[in-house]
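# Topology and contacts: notes
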Amino acid sequence: MWLLLKGGRIIDPSQNIDKVGDLLIVDGRIAWNQEVPQNQEGQTINCAGLVVAPGLIDMHVHMREPGYEHKETIATAAKAAAAGGFTTIVGMPNTKPAIDNRAVVDYVLCEGRRADVHVHTTGAATKGNEGIEMAEIGDMIEAGAVAISDDAYPVQNADLMRRVMEYSRMFDVAVLAHCEDTSLTRDAVMNEGLNSTILGLRPWPRQAEAIMVMRNILLSELTGCRLHIQHISAAESIAAVRWAKSKGIPVTGETGPQYFSLTDDALCNYDTNAKVNPPLRTQADIEAIKEGLADGTIDAIATDHAPHSLEDKQVEMQYAAFGIVGLETAVPLVITNLVKPGALSINDAIARMTIEPAKILGIEAGSLADGAVADVTIIDLDASVVVRSGEFKSMGRNTPFEGAQLTGKAVKTIVSGQLVSPAQ
Ligand code: DOR
(Lines give C-alpha, C1' and ligand atoms only; values in the text may rest on other atoms or scores of the structure.)
Protein backbone atom coordinates (compact mmCIF):
# COMPACT_ATOMS: atom_id res chain seq x y z
CA MET A 1 0.00 0.00 0.00
CA TRP A 2 1.21 3.47 -0.83
CA LEU A 3 -0.14 6.94 -0.28
CA LEU A 4 1.17 9.96 -2.15
CA LEU A 5 0.54 13.36 -0.58
CA LYS A 6 0.99 15.58 -3.58
CA GLY A 7 2.01 19.20 -3.83
CA GLY A 8 1.51 20.28 -0.20
CA ARG A 9 3.66 22.61 1.88
CA ILE A 10 5.60 20.08 3.89
CA ILE A 11 6.58 21.48 7.28
CA ASP A 12 8.65 19.26 9.54
CA PRO A 13 10.41 21.22 12.28
CA SER A 14 12.31 18.09 13.37
CA GLN A 15 14.26 18.26 10.12
CA ASN A 16 13.97 21.97 9.42
CA ILE A 17 11.90 21.21 6.35
CA ASP A 18 9.53 23.81 4.92
CA LYS A 19 9.03 23.25 1.19
CA VAL A 20 6.37 22.51 -1.37
CA GLY A 21 6.62 18.95 -2.63
CA ASP A 22 5.34 15.39 -2.53
CA LEU A 23 5.46 13.07 0.44
CA LEU A 24 5.31 9.36 -0.24
CA ILE A 25 4.20 6.76 2.26
CA VAL A 26 4.90 3.11 1.53
CA ASP A 27 3.68 0.31 3.78
CA GLY A 28 2.92 2.71 6.60
CA ARG A 29 6.29 4.45 6.62
CA ILE A 30 7.67 7.71 5.25
CA ALA A 31 9.63 7.01 2.08
CA TRP A 32 11.61 10.03 0.93
CA ASN A 33 13.93 8.12 -1.34
CA GLN A 34 11.51 5.82 -3.15
CA GLU A 35 9.41 6.01 -6.27
CA VAL A 36 5.70 5.21 -6.20
CA PRO A 37 5.64 1.37 -6.33
CA GLN A 38 4.13 0.35 -9.67
CA ASN A 39 3.16 -3.14 -8.55
CA GLN A 40 1.06 -2.08 -5.54
CA GLU A 41 -2.29 -0.44 -4.96
CA GLY A 42 -2.23 3.07 -3.65
CA GLN A 43 -3.85 6.45 -3.52
CA THR A 44 -2.88 10.01 -4.34
CA ILE A 45 -4.19 12.87 -2.22
CA ASN A 46 -3.98 16.35 -3.68
CA CYS A 47 -2.50 18.61 -0.99
CA ALA A 48 -2.07 21.76 -3.06
CA GLY A 49 -2.56 24.80 -0.83
CA LEU A 50 -2.45 22.65 2.33
CA VAL A 51 0.17 22.11 5.01
CA VAL A 52 1.52 18.58 5.39
CA ALA A 53 2.85 18.18 8.93
CA PRO A 54 4.02 15.36 11.17
CA GLY A 55 1.08 13.87 13.04
CA LEU A 56 0.20 16.09 15.98
CA ILE A 57 0.82 14.87 19.53
CA ASP A 58 -1.39 15.84 22.44
CA MET A 59 0.54 15.09 25.59
CA HIS A 60 -2.31 15.97 27.97
CA VAL A 61 -5.58 14.11 27.46
CA HIS A 62 -8.15 12.82 29.92
CA MET A 63 -9.41 9.64 28.27
CA ARG A 64 -11.50 8.87 31.38
CA GLU A 65 -11.23 5.12 31.01
CA PRO A 66 -11.27 3.11 33.21
CA GLY A 67 -14.03 4.32 35.46
CA TYR A 68 -15.64 7.33 33.84
CA GLU A 69 -16.83 5.86 30.56
CA HIS A 70 -19.95 8.03 30.75
CA LYS A 71 -17.65 11.00 30.05
CA GLU A 72 -15.31 9.49 27.45
CA THR A 73 -13.65 6.21 26.51
CA ILE A 74 -10.26 5.47 25.06
CA ALA A 75 -11.97 4.71 21.74
CA THR A 76 -13.96 7.97 21.64
CA ALA A 77 -11.01 10.05 22.82
CA ALA A 78 -9.01 8.56 19.95
CA LYS A 79 -11.78 9.37 17.46
CA ALA A 80 -11.90 12.94 18.74
CA ALA A 81 -8.11 13.10 18.45
CA ALA A 82 -8.20 11.89 14.84
CA ALA A 83 -10.92 14.40 13.99
CA GLY A 84 -8.82 17.17 15.51
CA GLY A 85 -5.61 16.20 13.70
CA PHE A 86 -3.85 14.35 16.52
CA THR A 87 -2.17 11.04 15.76
CA THR A 88 -0.80 10.44 19.25
CA ILE A 89 -2.45 11.11 22.60
CA VAL A 90 -1.15 10.69 26.10
CA GLY A 91 -3.63 9.88 28.85
CA MET A 92 -3.66 11.27 32.37
CA PRO A 93 -3.88 8.97 35.38
CA ASN A 94 -6.88 10.45 37.24
CA THR A 95 -9.14 7.55 36.31
CA LYS A 96 -11.01 5.12 38.56
CA PRO A 97 -9.11 3.05 39.49
CA ALA A 98 -6.20 5.43 39.11
CA ILE A 99 -3.51 4.45 36.65
CA ASP A 100 -1.13 3.76 39.51
CA ASN A 101 0.05 0.21 38.82
CA ARG A 102 1.11 -2.11 36.04
CA ALA A 103 -2.29 -3.75 35.61
CA VAL A 104 -4.06 -0.50 34.80
CA VAL A 105 -1.24 0.64 32.52
CA ASP A 106 -1.55 -2.70 30.70
CA TYR A 107 -5.31 -2.24 30.38
CA VAL A 108 -5.09 1.28 28.94
CA LEU A 109 -2.35 0.35 26.47
CA CYS A 110 -4.23 -2.77 25.42
CA GLU A 111 -7.43 -0.78 24.74
CA GLY A 112 -5.29 1.87 23.09
CA ARG A 113 -3.94 -0.57 20.54
CA ARG A 114 -7.47 -0.99 19.19
CA ALA A 115 -8.05 2.77 18.96
CA ASP A 116 -7.81 4.98 15.87
CA VAL A 117 -4.63 6.80 16.98
CA HIS A 118 -1.53 5.93 18.99
CA VAL A 119 -2.42 5.88 22.67
CA HIS A 120 0.12 6.33 25.45
CA THR A 121 -0.43 6.69 29.15
CA THR A 122 1.19 8.34 32.09
CA GLY A 123 1.36 6.69 35.49
CA ALA A 124 0.19 8.36 38.69
CA ALA A 125 2.81 9.83 40.98
CA THR A 126 1.05 8.50 44.08
CA LYS A 127 -1.16 5.55 44.89
CA GLY A 128 -4.80 6.35 44.17
CA ASN A 129 -3.68 9.91 43.36
CA GLU A 130 -3.94 10.46 47.10
CA GLY A 131 -0.65 12.25 47.54
CA ILE A 132 0.33 10.04 50.45
CA GLU A 133 2.36 7.10 49.17
CA MET A 134 4.46 6.83 46.02
CA ALA A 135 2.95 4.66 43.26
CA GLU A 136 4.73 1.72 41.59
CA ILE A 137 6.70 3.97 39.30
CA GLY A 138 9.26 1.43 38.08
CA ASP A 139 6.60 -1.18 37.34
CA MET A 140 4.49 1.28 35.38
CA ILE A 141 7.43 2.50 33.31
CA GLU A 142 8.40 -1.08 32.57
CA ALA A 143 4.81 -1.72 31.46
CA GLY A 144 5.04 1.19 29.01
CA ALA A 145 3.94 4.35 30.81
CA VAL A 146 5.77 7.24 29.13
CA ALA A 147 5.87 9.64 32.09
CA ILE A 148 4.71 10.13 35.66
CA SER A 149 2.09 12.76 36.46
CA ASP A 150 0.18 14.17 39.40
CA ASP A 151 -2.34 15.83 37.12
CA ALA A 152 -5.52 16.92 38.88
CA TYR A 153 -4.08 15.77 42.21
CA PRO A 154 -0.96 17.86 42.76
CA VAL A 155 1.40 16.35 45.32
CA GLN A 156 1.43 18.83 48.19
CA ASN A 157 4.13 17.26 50.31
CA ALA A 158 7.50 18.46 49.04
CA ASP A 159 9.41 15.49 50.44
CA LEU A 160 7.10 13.04 48.67
CA MET A 161 7.44 14.97 45.41
CA ARG A 162 11.20 14.85 45.87
CA ARG A 163 11.04 11.03 46.15
CA VAL A 164 8.78 10.83 43.09
CA MET A 165 11.32 12.86 41.15
CA GLU A 166 14.30 10.90 42.44
CA TYR A 167 12.64 7.66 41.48
CA SER A 168 11.48 8.91 38.06
CA ARG A 169 14.95 10.15 37.32
CA MET A 170 16.31 6.61 37.69
CA PHE A 171 14.15 5.66 34.70
CA ASP A 172 14.88 8.89 32.83
CA VAL A 173 11.21 9.77 32.51
CA ALA A 174 9.78 13.23 33.00
CA VAL A 175 7.46 14.11 35.85
CA LEU A 176 4.51 16.03 34.41
CA ALA A 177 3.42 18.35 37.18
CA HIS A 178 0.05 19.98 37.76
CA CYS A 179 1.19 22.97 39.77
CA GLU A 180 -1.30 24.07 42.40
CA ASP A 181 -0.83 24.83 46.07
CA THR A 182 -4.22 23.62 47.20
CA SER A 183 -4.04 25.51 50.48
CA LEU A 184 -4.62 28.62 48.35
CA THR A 185 -7.42 27.20 46.18
CA ARG A 186 -9.87 25.61 48.58
CA ASP A 187 -13.35 25.83 46.98
CA ALA A 188 -11.93 28.31 44.48
CA VAL A 189 -13.74 28.58 41.18
CA MET A 190 -12.08 31.24 39.05
CA ASN A 191 -9.08 33.55 38.74
CA GLU A 192 -8.70 36.00 41.61
CA GLY A 193 -9.35 39.50 40.31
CA LEU A 194 -11.96 42.09 39.55
CA ASN A 195 -14.24 39.57 37.82
CA SER A 196 -14.27 37.16 40.77
CA THR A 197 -15.13 40.07 43.05
CA ILE A 198 -17.95 41.30 40.83
CA LEU A 199 -19.35 37.81 40.26
CA GLY A 200 -18.96 36.84 43.88
CA LEU A 201 -17.17 33.62 43.00
CA ARG A 202 -14.42 32.11 45.14
CA PRO A 203 -11.05 33.38 43.93
CA TRP A 204 -8.05 31.33 42.79
CA PRO A 205 -4.87 33.37 43.07
CA ARG A 206 -2.27 33.05 40.36
CA GLN A 207 0.27 32.53 43.12
CA ALA A 208 -1.24 29.09 43.80
CA GLU A 209 0.23 28.02 40.47
CA ALA A 210 3.49 29.97 40.49
CA ILE A 211 4.45 28.91 44.03
CA MET A 212 4.18 25.26 43.05
CA VAL A 213 5.95 25.80 39.74
CA MET A 214 8.87 27.25 41.68
CA ARG A 215 8.85 24.49 44.30
CA ASN A 216 8.91 21.87 41.60
CA ILE A 217 11.66 23.65 39.70
CA LEU A 218 13.81 23.67 42.84
CA LEU A 219 13.10 19.98 43.36
CA SER A 220 14.08 19.32 39.77
CA GLU A 221 17.35 21.13 40.44
CA LEU A 222 17.84 19.07 43.59
CA THR A 223 17.08 15.71 42.02
CA GLY A 224 18.12 16.19 38.40
CA CYS A 225 14.74 14.85 37.37
CA ARG A 226 13.21 16.14 34.14
CA LEU A 227 10.24 18.26 35.14
CA HIS A 228 7.46 19.28 32.79
CA ILE A 229 5.03 21.96 33.96
CA GLN A 230 1.52 21.21 32.77
CA HIS A 231 -1.15 23.66 31.60
CA ILE A 232 0.63 26.93 32.40
CA SER A 233 -1.87 29.75 32.84
CA ALA A 234 -0.04 32.54 34.66
CA ALA A 235 2.69 34.97 33.63
CA GLU A 236 4.66 34.34 36.84
CA SER A 237 4.91 30.63 36.02
CA ILE A 238 6.43 31.46 32.65
CA ALA A 239 8.98 33.75 34.29
CA ALA A 240 9.90 30.91 36.64
CA VAL A 241 10.35 28.41 33.79
CA ARG A 242 12.41 30.94 31.86
CA TRP A 243 14.65 31.43 34.90
CA ALA A 244 15.00 27.67 35.38
CA LYS A 245 15.98 27.15 31.77
CA SER A 246 18.58 29.91 32.02
CA LYS A 247 20.08 28.03 34.97
CA GLY A 248 20.18 24.76 33.02
CA ILE A 249 17.58 23.09 35.23
CA PRO A 250 15.88 20.36 33.14
CA VAL A 251 12.44 21.96 32.96
CA THR A 252 9.93 22.16 30.13
CA GLY A 253 6.42 23.57 29.98
CA GLU A 254 3.14 23.40 28.15
CA THR A 255 0.08 25.56 27.84
CA GLY A 256 -3.37 24.87 26.39
CA PRO A 257 -5.38 26.72 23.73
CA GLN A 258 -7.88 27.95 26.34
CA TYR A 259 -5.12 29.88 28.10
CA PHE A 260 -4.12 31.96 25.08
CA SER A 261 -7.67 32.27 23.71
CA LEU A 262 -9.83 33.35 26.66
CA THR A 263 -9.66 35.48 29.78
CA ASP A 264 -11.75 35.17 32.91
CA ASP A 265 -14.30 37.39 31.16
CA ALA A 266 -15.57 34.08 29.74
CA LEU A 267 -17.11 33.35 33.16
CA CYS A 268 -19.06 36.62 33.31
CA ASN A 269 -22.19 34.92 31.97
CA TYR A 270 -21.70 32.10 34.46
CA ASP A 271 -20.80 29.64 31.71
CA THR A 272 -19.60 26.58 33.61
CA ASN A 273 -17.90 25.39 30.41
CA ALA A 274 -15.29 28.06 31.08
CA LYS A 275 -14.54 26.63 34.53
CA VAL A 276 -11.17 24.95 34.27
CA ASN A 277 -8.23 24.10 36.47
CA PRO A 278 -6.03 26.14 36.43
CA PRO A 279 -8.49 28.93 35.76
CA LEU A 280 -8.62 31.30 32.80
CA ARG A 281 -6.62 34.42 33.64
CA THR A 282 -6.15 37.90 32.14
CA GLN A 283 -5.06 39.56 28.91
CA ALA A 284 -1.61 40.19 30.42
CA ASP A 285 -1.26 36.44 30.98
CA ILE A 286 -2.27 35.78 27.38
CA GLU A 287 0.47 38.14 26.23
CA ALA A 288 3.02 36.41 28.49
CA ILE A 289 1.96 33.01 27.15
CA LYS A 290 2.36 34.18 23.56
CA GLU A 291 5.82 35.49 24.39
CA GLY A 292 6.71 32.26 26.16
CA LEU A 293 5.57 30.19 23.19
CA ALA A 294 7.48 32.35 20.73
CA ASP A 295 10.78 32.32 22.65
CA GLY A 296 10.55 28.60 23.45
CA THR A 297 10.07 28.98 27.21
CA ILE A 298 6.84 27.07 26.67
CA ASP A 299 7.87 23.99 24.72
CA ALA A 300 4.53 22.37 23.97
CA ILE A 301 0.88 23.08 23.29
CA ALA A 302 -1.34 20.40 24.84
CA THR A 303 -5.09 20.51 25.20
CA ASP A 304 -5.85 19.16 28.69
CA HIS A 305 -8.87 17.63 26.94
CA ALA A 306 -11.19 17.14 29.93
CA PRO A 307 -14.58 15.79 28.86
CA HIS A 308 -17.43 15.88 31.36
CA SER A 309 -21.06 14.84 31.18
CA LEU A 310 -23.85 17.41 30.98
CA GLU A 311 -24.78 16.57 34.59
CA ASP A 312 -21.27 17.54 35.67
CA LYS A 313 -21.52 20.95 34.05
CA GLN A 314 -25.19 21.98 34.12
CA VAL A 315 -25.11 22.91 37.80
CA GLU A 316 -24.24 25.99 39.83
CA MET A 317 -20.73 27.27 39.14
CA GLN A 318 -19.55 26.17 42.57
CA TYR A 319 -20.52 22.55 41.93
CA ALA A 320 -19.54 22.29 38.26
CA ALA A 321 -16.61 20.07 37.30
CA PHE A 322 -13.40 21.69 36.07
CA GLY A 323 -12.49 21.10 32.46
CA ILE A 324 -12.81 21.90 28.78
CA VAL A 325 -12.76 19.51 25.82
CA GLY A 326 -9.89 20.38 23.56
CA LEU A 327 -9.01 17.81 20.94
CA GLU A 328 -11.37 19.08 18.26
CA THR A 329 -10.83 22.81 18.73
CA ALA A 330 -7.06 22.96 19.29
CA VAL A 331 -5.87 23.37 15.71
CA PRO A 332 -8.41 26.09 14.82
CA LEU A 333 -7.58 27.97 18.05
CA VAL A 334 -3.83 27.74 17.45
CA ILE A 335 -4.18 29.01 13.90
CA THR A 336 -6.76 31.70 14.68
CA ASN A 337 -5.23 33.06 17.87
CA LEU A 338 -1.50 32.46 17.39
CA VAL A 339 -0.57 31.88 13.76
CA LYS A 340 -2.87 34.30 11.93
CA PRO A 341 -2.13 37.27 14.24
CA GLY A 342 1.62 36.59 13.88
CA ALA A 343 2.28 35.61 17.50
CA LEU A 344 3.74 32.24 16.45
CA SER A 345 4.91 30.99 13.07
CA ILE A 346 3.14 27.94 11.69
CA ASN A 347 6.51 26.17 11.87
CA ASP A 348 6.88 26.87 15.60
CA ALA A 349 3.23 25.99 16.22
CA ILE A 350 3.78 22.62 14.56
CA ALA A 351 7.00 22.09 16.53
CA ARG A 352 5.12 22.71 19.79
CA MET A 353 2.60 20.04 18.81
CA THR A 354 4.98 17.45 17.33
CA ILE A 355 8.69 17.11 17.94
CA GLU A 356 8.81 19.06 21.21
CA PRO A 357 6.28 16.86 23.07
CA ALA A 358 7.92 13.79 21.49
CA LYS A 359 11.27 14.84 22.96
CA ILE A 360 9.81 15.50 26.40
CA LEU A 361 8.18 12.07 26.43
CA GLY A 362 11.02 10.27 24.72
CA ILE A 363 8.69 8.70 22.17
CA GLU A 364 9.38 8.06 18.51
CA ALA A 365 6.86 10.37 16.89
CA GLY A 366 6.51 13.91 15.64
CA SER A 367 8.82 13.63 12.64
CA LEU A 368 8.55 12.97 8.91
CA ALA A 369 12.04 11.46 8.84
CA ASP A 370 12.72 8.80 6.24
CA GLY A 371 11.50 5.43 7.51
CA ALA A 372 9.45 6.92 10.36
CA VAL A 373 5.98 5.57 11.06
CA ALA A 374 3.76 7.60 8.72
CA ASP A 375 1.72 9.74 11.07
CA VAL A 376 0.74 12.84 9.15
CA THR A 377 -1.67 15.72 9.69
CA ILE A 378 -2.89 17.74 6.71
CA ILE A 379 -3.93 21.26 7.66
CA ASP A 380 -5.90 23.89 5.79
CA LEU A 381 -4.75 27.21 7.24
CA ASP A 382 -7.64 29.11 5.68
CA ALA A 383 -10.64 26.84 6.28
CA SER A 384 -13.57 28.51 8.03
CA VAL A 385 -14.72 26.67 11.11
CA VAL A 386 -17.73 27.20 13.32
CA VAL A 387 -17.44 25.27 16.58
CA ARG A 388 -20.46 23.02 17.03
CA SER A 389 -20.08 20.72 19.99
CA GLY A 390 -22.97 18.59 18.73
CA GLU A 391 -20.68 17.45 15.92
CA PHE A 392 -17.78 16.45 18.19
CA LYS A 393 -16.58 12.86 18.09
CA SER A 394 -15.76 13.29 21.76
CA MET A 395 -18.52 12.37 24.19
CA GLY A 396 -17.78 15.65 25.96
CA ARG A 397 -19.65 18.77 24.87
CA ASN A 398 -18.11 21.06 27.45
CA THR A 399 -16.56 23.82 25.39
CA PRO A 400 -16.66 27.57 26.01
CA PHE A 401 -16.05 28.02 22.27
CA GLU A 402 -19.53 26.95 21.13
CA GLY A 403 -20.46 28.93 18.02
CA ALA A 404 -17.02 30.53 17.70
CA GLN A 405 -15.98 31.33 14.15
CA LEU A 406 -12.40 30.25 13.67
CA THR A 407 -9.94 29.85 10.84
CA GLY A 408 -7.89 26.76 10.03
CA LYS A 409 -8.37 23.08 10.68
CA ALA A 410 -6.89 19.64 10.28
CA VAL A 411 -8.56 18.26 7.16
CA LYS A 412 -6.99 14.81 7.11
CA THR A 413 -5.31 12.65 9.72
CA ILE A 414 -3.12 9.72 8.76
CA VAL A 415 -1.98 7.17 11.34
CA SER A 416 0.63 4.58 10.37
CA GLY A 417 -0.14 5.29 6.72
CA GLN A 418 -3.92 4.84 7.12
CA LEU A 419 -6.38 7.66 6.70
CA VAL A 420 -8.29 7.73 10.01
CA SER A 421 -10.09 11.05 9.55
CA PRO A 422 -12.26 11.71 7.75
CA ALA A 423 -13.34 8.08 8.25
CA GLN A 424 -13.32 6.13 4.96
O1 DOR B 1 -9.77 21.43 34.32
C2 DOR B 1 -9.24 20.38 34.60
N3 DOR B 1 -9.86 19.20 34.44
N4 DOR B 1 -7.99 20.40 35.11
C5 DOR B 1 -7.42 19.28 35.62
O6 DOR B 1 -6.32 19.38 36.09
C7 DOR B 1 -8.14 18.01 35.60
C8 DOR B 1 -9.17 17.98 34.57
C9 DOR B 1 -10.14 16.85 34.73
O10 DOR B 1 -9.70 15.71 34.99
O11 DOR B 1 -11.34 17.07 34.54
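This text goes with the structure placed above it.
What you see is a predicted model, and the numbers here were worked out from it, not measured in a lab.

### Re the site of the ligand
- Lining the immediate environment of the ligand, one finds 14 residues, of which R64, N94, N277, H308 and F322 sit closest.
- Contact distances for the ligand include 3.4 Å between an oxygen atom and a side-chain N or O atom of H62.
- Taking H308, its side chain carries an N or O atom lying 3.0 Å from an oxygen atom of the ligand.
- Protein burial of the ligand: of its 290 Å² of free accessible surface, 94% is covered by the chains.
- Among the residues forming the shell around the ligand, the class breakdown is 4 nonpolar, 7 polar and 3 charged.

### Description of the pattern of salt bridges
- Enumeration according to the criterion identifies 19 salt bridges in this entry.
- As a salt-bridge pair, R242 and D295 come within 3.0 Å of each other at their nearest N and O atoms. Placement of R242 in helix α7 (residues 235-246) and of D295 in the loop between α9 (283-294) and β15 (300-301) is noted, with a sequence separation of 53 residues between them.
- Residue R242 is classed as partly exposed on the basis of its relative accessible area of 31%.
- Since its relative accessible area comes to 44%, D295 is described here as partly exposed.
- For D382, the salt bridge identified is with K340, shortest N-O distance 2.6 Å. Here D382, found in strand β16 (residues 376-386), pairs with K340, found in the loop between α11 (330-339) and α12 (346-352); they are 42 residues apart in sequence, far enough to count as distant.

### Some remarks on the pairing of strand β2 (residues 17-26)
- Summarising the sheet, strand β1 (residues 2-12) and β2 pair through 9 bridges and their orientation is antiparallel. Bridge pairing in β2 links I11 to D18.
- Taken together, β1 and the strand that follows it, β2, pair antiparallel across an intervening segment of 4 residues, in which N16 is found at a positive phi of about 55°.
- Two elements, β2 and strand β3 (residues 29-30), share 2 bridges in a ladder whose sense is antiparallel. Across the sheet, residue I25 finds its bridge partner in β3, namely I30.
- Connecting β2 to the antiparallel partner β3 that follows it, the hairpin turn spans 2 residues, and D27 within it adopts a positive phi of roughly 50°.

### With respect to the packing of aromatic side chains
- Applying the stated rule across the entire model yields 2 aromatic pairs.
- Here Y167 and F171 contribute two aromatic rings whose centre-to-centre distance is 5.6 Å and whose plane-to-plane angle is 55°, an arrangement assigned as tilted.
- A relative accessible area of 31% places Y167 in the partly exposed class.
- Between the NZ or CZ atom of K275 and the centre of the ring of F322, over which it lies, the distance is 4.5 Å.

Analysis parameters
Per-chain numbering applies: the sequence of each chain, read as written, is numbered from 1 onward. Only residues with pLDDT of at least 70 are given local features in this predicted model, and only at 80 or more are side-chain atom pairs given and counted; all residues enter the totals for whole chains, interfaces and linings. The side-chain quantities take in all heavy atoms of the structure and omit both hydrogens and water. We call a residue near a given molecule or strand whenever any one of its heavy atoms falls within 4 Å of it. The term polar contact refers here to a pair of N or O atoms within 3.5 Å; inside protein, the definition further demands a hydrogen-donor-capable atom paired with an acceptor-capable atom, and it admits residues adjacent in sequence only when both atoms are side-chain atoms. In this description, accessible areas are obtained by the Shrake-Rupley approach with a 1.4 Å probe, and a residue is regarded as covered only by the protein chains that are shown. Each residue is assigned to one class: nonpolar for Ala, Val, Leu, Ile, Met, Phe, Trp, Tyr, Cys and Pro, charged for Asp, Glu, Lys and Arg, and polar for all the others, Gly among them. Salt bridges are defined as contacts in which a side-chain nitrogen from Lys or Arg sits within 4 Å of a carboxyl oxygen from Asp or Glu. Strands here mean DSSP runs of E at least two residues long; helices mean DSSP runs of H or I at least four residues long; both are numbered from the N terminus. A simple rule labels every residue: compare its accessible area, found with a 1.4 Å probe on the protein chains alone, to the largest value its type can have, and call it buried under 20%, exposed over 50%, or partly exposed in between. A pair of strands is treated as paired once DSSP finds two or more bridges between them. Only Phe, Tyr and Trp rings take part, Trp by its six-membered ring, and two of them pair if their centres are within 6.5 Å. Stacked means planes under 30 degrees apart, edge-to-face means over 60, and tilted covers everything else. Two conditions define a charge located above a ring, namely a distance within 6 Å from the ring centre to NZ of Lys or CZ of Arg, and an angle within 35 degrees of the ring normal.

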